[in-house]
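# Structural characterization, general
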Amino acid sequence: MQMKTANALEFLSKPKIGMISLGCAKNLVDAEIMLGSVLQRGMEITSRPEDADVLVINTCAFIDSAKEESIEAILEAHQQRRLNRRADQKLIVSGCMSQRFARELRREMPEVDAFVGLDQVSELGKIVEKILGKRPTLNARRPTPKTDSWTLEIGRSELGVDSKNGDLDIGFANTRPTYIPDYDTPRFRLTPAHFAYLKIAEGCNHPCSFCVIPQMRGKHRSRPPQSVLEEIRGLVSEGVREINLISQDTTYYGMDLWQLKAGPRQPVDSTHGPTLAALLREIQKIEGEFWVRLLYTHPAHWSDELIETIAGCDKVARYIDIPLQHIDESVLRRMRRETSRAHIENLIHKLRAGIPGVTLRTTFIVGFPGETDGEFASLLDFIQQSQFERLGIFKYSQEEGSRAAKMPGQIPARIKNARFRDAMSVQQQIAQDIARERVGMELKLLVDQPHFARSEGDAPDVDARVVLSKAAPVGEFIWRRITGTRGYDLLA
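These lines cover the structure that appears in this document, whether it is placed above or below. Model, not experiment: these values are computed from the prediction. (Residues numbered from 1 in each chain as written. Predicted model: local features only at pLDDT ≥ 70, side-chain atom pairs only at ≥ 80, totals over all residues. Heavy atoms only, no water.)

## Section: the pattern of salt bridges
Tallied over the full model, the rule gives 31 salt bridges. Salt-bridge contacts for K285 lead to E282; the nearest nitrogen and oxygen are separated by 3.0 Å. A residue is classified by how much of its surface remains accessible, and K285, at 59% relative accessible area, is exposed. Looking at E282, the relative accessible area reads 33%, which means it is partly exposed. (Salt bridge = Lys/Arg side-chain N within 4 Å of Asp/Glu carboxyl O. Buried < 20%, exposed > 50% of the residue type's maximum accessible area, 1.4 Å probe, protein only.)

## Considering the packing of helix α11 (residues 341-354) against helix α12 (residues 373-386)
Direction vectors running N to C along α11 and α12 enclose 15°, while the axes themselves pass 13 Å from each other. Overall, the two elements α11 and α12 adopt an arrangement that is roughly parallel. For the pair α11 and α12, the sense of crossing is right-handed. Contacts between α11 and α12 involve R341, I344, E345, I348 and R352 from the first element and S378, F382, Q385 and S386 from the second. By residue class, the composition of the contact of α11 with α12 is 3 nonpolar, 3 polar and 3 charged. (Axes fitted to C-alpha atoms, helices over the stretch in contact; angles between N-to-C directions. Helix = DSSP H or I, 4+ residues; strand = E, 2+ residues; numbered from the N terminus. Parallel < 35°, antiparallel > 145°, perpendicular 65-115°, else oblique. Left-handed = near helix turned anticlockwise from the far one by under 90°. Contact = heavy atoms within 4.5 Å. Nonpolar A, V, L, I, M, F, W, Y, C, P; charged D, E, K, R; others polar.)

## Description of helix α8 (residues 276-284)
Within α8, burial applies to L276, A277, L279, L280 and I283. For α8, the buried positions fall inside an angular range of 160° around the axis, keeping them on one side. Buried residues belonging to α8 abut α7 (225-237), β9 (242-246), β10 (291-294), α9 (304-312) and β11 (316-321). (Arc of directions from axis to C-beta.)

## Things to note about the packing of aromatic side chains
Overall, the coordinates contain 6 aromatic pairs when judged by the stated rule. On the numbers, 6.0 Å between centres and 65° between planes, the contact of F364 with F388 is edge-to-face. Of the two residues, F364 is situated in strand β12 (residues 359-366) and F388 in the loop between α12 and β13 (390-395); the sequence distance between them amounts to 24 residues. Judged on exposure class, the residue F364 and its partner F388 are both buried. Grouped by ring-pair contacts, the aromatic residues F364, F382 and F388 constitute a single cluster. Taking NZ or CZ as reference, R293 lies 4.6 Å from the ring centre of Y319, over its face. If you follow K444 out to its NZ or CZ, it ends over the ring of F477, 4.4 Å from the centre. (Phe/Tyr/Trp six-rings, centres within 6.5 Å; stacked < 30°, edge-to-face > 60°. Lys NZ or Arg CZ within 6 Å of the ring centre and 35° of its normal.)

## A few points about the sheet that holds β11
Here 6 strands make up an open sheet; going across it, the order is β6-β9-β10-β11-β12-β13 and the pairing parallel. In this open sheet, the two strands that pair with only one neighbour each are β6 (195-199) and β13. Each strand axis lies, on average, 20° off the axis of its neighbour in the sheet, ignoring direction. Relative to β12, α12 is tilted by about 170°, and along the sheet it contacts β12 and β13. (Pairing = 2+ DSSP bridges.)

## As for the nonpolar core
Burial of nonpolar side chains together is a common tendency in soluble globular proteins. Grouped together as the largest cluster of nonpolar side chains are 54 residues, with contacts concentrated most on I232, I243 and L280. Other than its neighbours up to four places away in sequence, L280 contacts L245, V292, L294, L306, T309, I310, C313 and V316. Listed in part, the 33 residues of the second largest apolar core include L28, V38, L124 and F195. (Core = buried A, V, L, I, M, F, W, Y, C linked by side-chain atoms within 4.5 Å.)

See below:
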């Protein structure tokens, strides 16, 4: 692919681009695409922010804590730019927060040179060229005070920066994203060489009352099956041994491509068009030793066909990530989850009966508006009864723009914190009991570091590890006997 260089860059020798990416794996893929676009245009990538001519902060805005982390990262980057005497360093903010709050951020953070929306991730190289061709940003020389509490309602005067920034007109964020990558979209992978995240779809069609992802990332849009398969073939040929399939709703994959459009409650049926089950059957045919892992599967779109397909494909990890969010009927209705307790319990039974040895991972939200002691108690009972191998708990975050944010009965933080501790205490005992049951088993492991590996039942970054007593080659599959446990981790 021919590299292009803008006239504005002719006086520079390969500008260096740095990236700080926050949030989920879906955001990480966006970061990889952005870096791929700058490499395509002849620039360099640096892992040292202080060496970067342009530093990109790829933000998350899913919950309040993520927004706070993103704002802290932006302010820290600006402060370091001043401390390192890099007044010429440009600062770009991308990702979900840039998409969701583009107008507010442009007004309140004039020290930022550009805000990049989710539709512009493949165009970062062009954007960098445009920014580097502009005059120096005077605001880079001004201090920005850090505060203990930062909100988007802060005015310019409190930032201690010049409000007349000539670069503020570079605003690329759109309101409703439509972009989705293809197999040949340039990417610079930020994961270790042996595993990768592959985004099979973008956006979401679900109306969950606690969530604003459809407003940020747009409607569900699937990549064509051949695009996904071509990317997997390429990754496997590069030596990738684990491919994590991700989207906002993985089980809805392909249904938006049907000739007769499917609604969010439509039963999954491969005779109508592309489906996740059909995609997995094609992945199974790809030569090479690897496994694919399903992340972010919505319980509303599981089918008997999908369960049977996973059971029959040895290249699909026996690992199901299925965020359930709650089990009480009243809470599920208020959450607008499009599932009932009976549906969830029946699905869990089918998964365990149909996929022997499956590892189930889920997440729940505690402290949702109006959640009573009794509703929380029913959740605790369900966690105890279901014995999930992997489980995470989120404290409800009141997200501006969501239906739940306006609901009565908002739960105080102290109650949410107490419920979080209670739920995690129950799960900790369950996880440790399950780990002890693995002792004596021979497991196939993927080696992440010489003394650390993961089993088929452990996704990268979020799950436990297997600690190896004898070093093994990184990026290879090995078989080891489990000899003991250490907290959540296994010993081998």
